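Structural overview for review
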Amino acid sequence: GLLNGEGQYKWSSGSVYKGNYSQNMRNGYGNITYSDGRSYEGFWLNDKRDGKGRMTWPDGGYYKGIFKNNDLWEGHGNLTWNSHDHYEGGFKDGKFDGVGEYIWKNGQVYVGSYKNGLRGQGNMTFANGNYYEGEFKEDKYDGEGSFTWKDGRVYVGSFKNGLRDGQGTYTGKNGQAYVGSYKNG
């Protein structure tokens with residue numbers, strides 16, 4: 001017969017599932033411990049992780065949030081790597097998307113928008129105390145922004161491919177300003 005209701009299944013690989021079944025498929029709430037040490041606790045739909053859940057890796061990293069179609073993260077979630085880097089925010093099709101905050105183990109923080117896994121508009125506080133606020137393209141400063149060094153120097157203007165490029169104003173520690181055009185830095 002078909003598996004229906006609550007039960008447990010152990011594969012020959014050593015993976016073990018405990019939870020709800022419907023029509024021989026994992027459906028509803030359940031948890032699985034995989035033979036490679038990963039574990040998942042949450043909702044299933046037609047034998048796929050789907051809905052709220054938490055995936056934990058053997059190294060201590062985890063994702064907690066919404067699963068879609070087994071492996072794609074969708075909506076708001078939390079992702080922590082074993083390196084202790086942490087992201088909380090929007091996901092779409094398994095990638096950072098929407099507004100989020102990424103915190104690196106060294107204390108560096110990015111808060112802002114993401115599109116298709118890449119930074120868009122936001123601010124970055126570096127572990128050394130420097131600070132950037134503005135636009136990103138391909139995860140590099142690109143467009144209008146401002147960069148402030150921890151010693152008080154400031155550049156406000158255009159960036160391209162991570163470098164000062166175009167019109168901008170650089171103000172030194174002594175308050176003297178240079179207004180002009182920059183090319184590649």
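Provided above is the structure to which this section pertains.
This section reports on the structure supplied with the text. Fair warning: this is a prediction, and the values are worked out from it, not measured in the lab.

The next subject is the overall build of the protein chain. Check the secondary structure of the protein chain and you find zero helices and 16 strands. Taken over C-alpha atoms, the radius of gyration comes to 23 Å for the protein chain, far larger than the 16 Å a tight globule of 185 residues would show. Its C-alpha atoms give the protein chain principal-axis dimensions of roughly 80 × 25 × 20 Å. For the protein chain, buried positions account for 34% of its 185 residues. Of the contacts made within the protein chain by residues no fewer than 6 positions apart, 2% connect residues no fewer than 24 positions apart. For the protein chain, the exposed surface amounts to about 10500 Å²; the carbon and sulfur share of it is 49%.

A separate point is the packing of aromatic side chains. Overall, the coordinates contain 34 aromatic pairs when judged by the stated rule. Ring centres 6.0 Å apart and planes at 40 degrees place the aromatic pair Phe126 and Phe147 in the tilted group. A residue pair is termed long-range when its members are at least 10 positions apart, and Phe126 in the loop between strand E11 (118–125) and strand E12 (131–137) and Phe147 in strand E13 (residues 140–148) qualify at 21 residues. What makes Phe147 buried here is its relative accessible area of 11%. Between the NZ or CZ atom of Arg38 and the centre of the ring of Tyr34, over which it lies, the distance is 4.2 Å.

Of the strand pairs in this sheet, E13 and strand E14 (residues 154–160) are connected by six bridges, and their pairing is antiparallel. Bridged to Phe147 within E14 is Tyr155. The turn joining E13 and E14, which pair antiparallel and follow one another in sequence, is formed by five residues; a positive phi near 105 degrees is taken by Gly152. Relative to strand E15 (residues 163–171), E14 is paired through six bridges, and the arrangement is antiparallel. Counterpart to Val156 in the pairing with E15 is Thr169. The turn linking E14 back onto E15 is made up of two residues, and Asn161 within it adopts a positive phi angle of 55 degrees.

The rules we used
Numbering of residues begins from 1 in every chain and follows the order in which that chain's sequence is written. Where totals are concerned, whole chains, interfaces and linings use all residues; where local detail is concerned, this predicted model gives features only for residues with pLDDT of at least 70, and gives and counts side-chain atom pairs only at 80 or more. The side-chain values count all of the structure's non-hydrogen atoms but skip hydrogen atoms and water molecules. The helix count covers DSSP runs of H or I at least four residues long, the strand count covers runs of E at least two residues long, and both are numbered beginning at the N terminus. C-alpha atoms define the radius of gyration in this analysis, and the globule rule sets the expected value at 2.2 Å times the number of residues to the power 0.38. To sort residues, take the accessible area from a 1.4 Å probe on protein chains only and compare it with the maximum for the residue type: under 20% means buried, over 50% means exposed, and anything in between is partly exposed. Two residues form a contact once any of their heavy atoms are found within 4.5 Å. Methods summary: accessible areas were calculated by the Shrake-Rupley approach with a probe of 1.4 Å, and residue burial reflects only the protein chains presented. Any Phe, Tyr or Trp ring, taking Trp's six-membered ring, that has another such ring centre within 6.5 Å forms a pair; planes under 30 degrees apart are called stacked, those over 60 apart edge-to-face, and the others tilted. Charge-over-ring contacts are defined here by two conditions on Lys NZ or Arg CZ: a distance within 6 Å of the ring centre and an angle within 35 degrees of the ring normal. Criterion used throughout: strands pair if DSSP finds at least two bridges between them.

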